[in-house]
Every structure is written in C-alpha cells, then in structure tokens.
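Each chain, written out:
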Amino acid sequence: MEKFITIHSSAVPVNIEDIDTDQIIPARFLKATNRDGFGANLFRDWRYNADNTEKPDFVLNDKKYSGTILVAGKNFGCGSSREHAAWAIHDYGFRVVVSSFFADIFKNNALNNGVLPVVVSPEFLKEIFNAIEQDADTKLTVSLENQTINLGDKIESFEINDYKKTCLINGYDDIDYLLNIKDKIVEFEKSR
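Residues numbered from 1 in each chain as written. Predicted model: local features only at pLDDT ≥ 70, side-chain atom pairs only at ≥ 80, totals over all residues. Heavy atoms only, no water.

## Quick look at the nonpolar core
- Ranked by size, the top nonpolar core spans 53 residues in total, and within it Val-71, Phe-76, Val-98 and Leu-116 carry the most contacts.
- With six residues, the top contributor of residues to this core is helix 5 (residues 122-134).
- If we skip the residues at most four places from it in the chain, Leu-116 touches Phe-4, Arg-95, Val-96, Val-97, Leu-111, Val-142, Leu-144, Phe-158, Ile-160 and Leu-168. (Core = buried A, V, L, I, M, F, W, Y, C linked by side-chain atoms within 4.5 Å. Buried < 20%, exposed > 50% of the residue type's maximum accessible area, 1.4 Å probe, protein only. Helix = DSSP H or I, 4+ residues; strand = E, 2+ residues; numbered from the N terminus. Contact = heavy atoms within 4.5 Å.)

## Section: the pattern of salt bridges
- The full count for this structure, using the stated rule, is six salt bridges.
- In this structure, the salt-bridge partner of Arg-82 is Asp-22, at a minimum N-O distance of 2.9 Å. Here Arg-82, found in the loop between strand 2 (69-72) and helix 3 (84-92), pairs with Asp-22, found in helix 1 (residues 21-24); they are 60 residues apart in sequence, far enough to count as distant.
- When its relative accessible area of 15% is taken as the criterion, Arg-82 is described as buried.
- With relative accessibility at 35%, the residue Asp-22 sits in the partly exposed group.
- With a closest N to O distance of 2.7 Å, Lys-154 and Glu-127 form a salt bridge. Placement of the pair is Lys-154 in strand 7 (residues 154-157) and Glu-127 in helix 5, with a sequence separation of 27 residues. (Salt bridge = Lys/Arg side-chain N within 4 Å of Asp/Glu carboxyl O.)

## Structural notes on the side chain of Gln-147
- With respect to the helices, strands and loops of the structure, Gln-147 is situated in the loop between strand 5 (139-143) and strand 6 (148-151).
- Overall, Gln-147 belongs to the buried group, its relative accessible area being 16%.
- Of note is the side chain of Gln-147, whose polar atom sits 2.9 Å from the backbone oxygen of Phe-158.
- In contact with Gln-147, other than residues within four places in its own chain, are Glu-156, Ser-157, Phe-158, Glu-159, Ile-160 and Lys-165. (Polar contact = N/O pair within 3.5 Å; in protein donor to acceptor, adjacent residues only side chain to side chain.)

## Remarks on the sheet that holds strand 1 (residues 6-14)
- Taken together, the seven strands give an open sheet; going across it, the order is 4-3-2-1-5-6-7, and neighbouring strands pair in mixed fashion. Looking at which strands have only one partner, the edges of the open sheet turn out to be strand 4 (116-119) and strand 7. Taking the axes of each pair of neighbouring strands and ignoring which way they run, one obtains an average angle of 30 degrees across the sheet.
- Both strand 1 and strand 2 contribute to a ladder of four bridges, which runs parallel. If you follow Val-14 over to strand 2, its bridge partner there is Ala-72. (Pairing = 2+ DSSP bridges. Axes fitted to C-alpha atoms, helices over the stretch in contact; angles between N-to-C directions.)

## Remarks on unusual backbone geometry
- One non-glycine residue, Phe-43, lies in positive phi territory at about 55 degrees.
- Examined against the element boundaries, Phe-43 turns out to sit in the loop between helix 1 and helix 2 (44-47).
- The class for Phe-43 is buried, based on a relative accessible area of 0%.
- Residues other than glycine seldom take positive phi values, yet Asn-75 does so here, at roughly 70 degrees.
- The class of Asn-75 is buried, set by a relative accessible area of 17%.

## Description of the side chain of Arg-47
- Locating Arg-47 in the fold gives a position in helix 2.
- Despite being buried, Arg-47 has no salt bridge partner; Glu-54 is the closest side chain of opposite charge, sitting 5.7 Å away.
- Residues in contact with Arg-47, not counting those within four places in the same chain, are Gly-39, Ala-40, Asn-41, Leu-42, Thr-53, Glu-54, Lys-55, Phe-58, Leu-60, Asn-61 and Tyr-92. (Lys, Arg positive; Asp, Glu negative; His and termini not counted.)

## So, the packing of aromatic side chains
- Summed over the entire model, instances satisfying the criterion amount to 10 aromatic pairs.
- Taking the centre distance of 6.2 Å and the plane angle of 85 degrees together, the rings of Phe-76 and Phe-102 count as edge-to-face. You can see Phe-76 sitting in the loop between strand 2 and helix 3 and its partner Phe-102 sitting in the loop between strand 3 (96-99) and helix 4 (104-112), a full 26 residues away along the chain. For the pair formed by Phe-76 and Phe-102, the shared burial category is buried.
- One aromatic cluster is present, formed by Phe-43, Trp-46 and Phe-58 through successive ring pairs.
- Over the ring of Tyr-48 we find Arg-44; its NZ or CZ atom is 4.3 Å from the centre of that ring. (Phe/Tyr/Trp six-rings, centres within 6.5 Å; stacked < 30°, edge-to-face > 60°. Lys NZ or Arg CZ within 6 Å of the ring centre and 35° of its normal.)

Pasting the structure below:
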C-alpha cells in the first residue's frame, strides 16, 4: 500500500446520512475479485441514469468538486460487509473519508485498504459541509501522525487503532507488517 502521513486536499461532499455499502457499490458490480475498476461504479445508481448518462445533480459529476477526501453524512458504510465498498472508494482516488460515524465493518475494511476513516463531531462535520458549500476549493488537512483534521484554523482530533496507524504510515498491509517484524518472530520462536 501507499504510505499515508498527511493529506492536504479539497473535498467532495456527499451530505447524506446512512449511506450503505450497496449505495457505495451496488451488488451487481461485485463479480471481480481484484480491487481494480470499482471506482468507475462508485455511487453508480446516484451518478448515472439507466442509459448510462451522468446525472448532473450528483456531486461526483459536478466538476467544481474534486480532491482525495470524501466528506459524508453520519453512519457511512452501514449495511452489508462488502469490502468492495472500500475498494471502490480507494480506486476512485479517495484516501480519506470524513463522517461523524462509520459502521464498524466498513471502518475496518477501509483501514485494511489504505483509506483512512476520520470520525469527527457532528458539529465539526456540519462546519466542514458549510465551508465546502460556500467555497468548493476549501482545503482540509488530515495528519495521521498527529491524528488531527484541520479546517482552516479549526482543528479536531480523531482516534485510530495504533496497529492500523502503524500500517498506514508505513504502507503495510497485514502481511507486510508481519514480514517487517519477521526477525522478532524468529527470535521469539527460538526462545520457546
């Protein structure tokens, strides 16, 4: 995985609560077993009409919004446990998803696939949405090392599991992490 330390980017706002994994990536697109190509169908039914033309009123089709940060309403990633939702978000180009609450399985799938789920207070989330609505070029800074998210001079901290933080900062998946500590594992086994 790519190393993650700090992201400074504009954001794409999807101000909808209870976005489930079937809305993130509809079940009919879950036929592949590798992670590539899912970004094209991210929010498919919200982005496209039945004839595959873009719906102009959906935020991903609005060229004024861009960036590697997705800002979403409360309870993002609820529903089924499909890892493909995290694959689609990452494949589209998002490295961070900001919300006031994530479904646990989605949160873990995101972390396992190089996407940082940042939980902020409902008040701070509202401030972020308001700032982006006023200026689509509003930048957010997410520091994994410091576990902070900045909106201008406003800062909020977020929690992350120490193991997952280590993995993201170093660009490790679970296997890479084990390979990194192979010498310690060998020494431990010798001492038994």
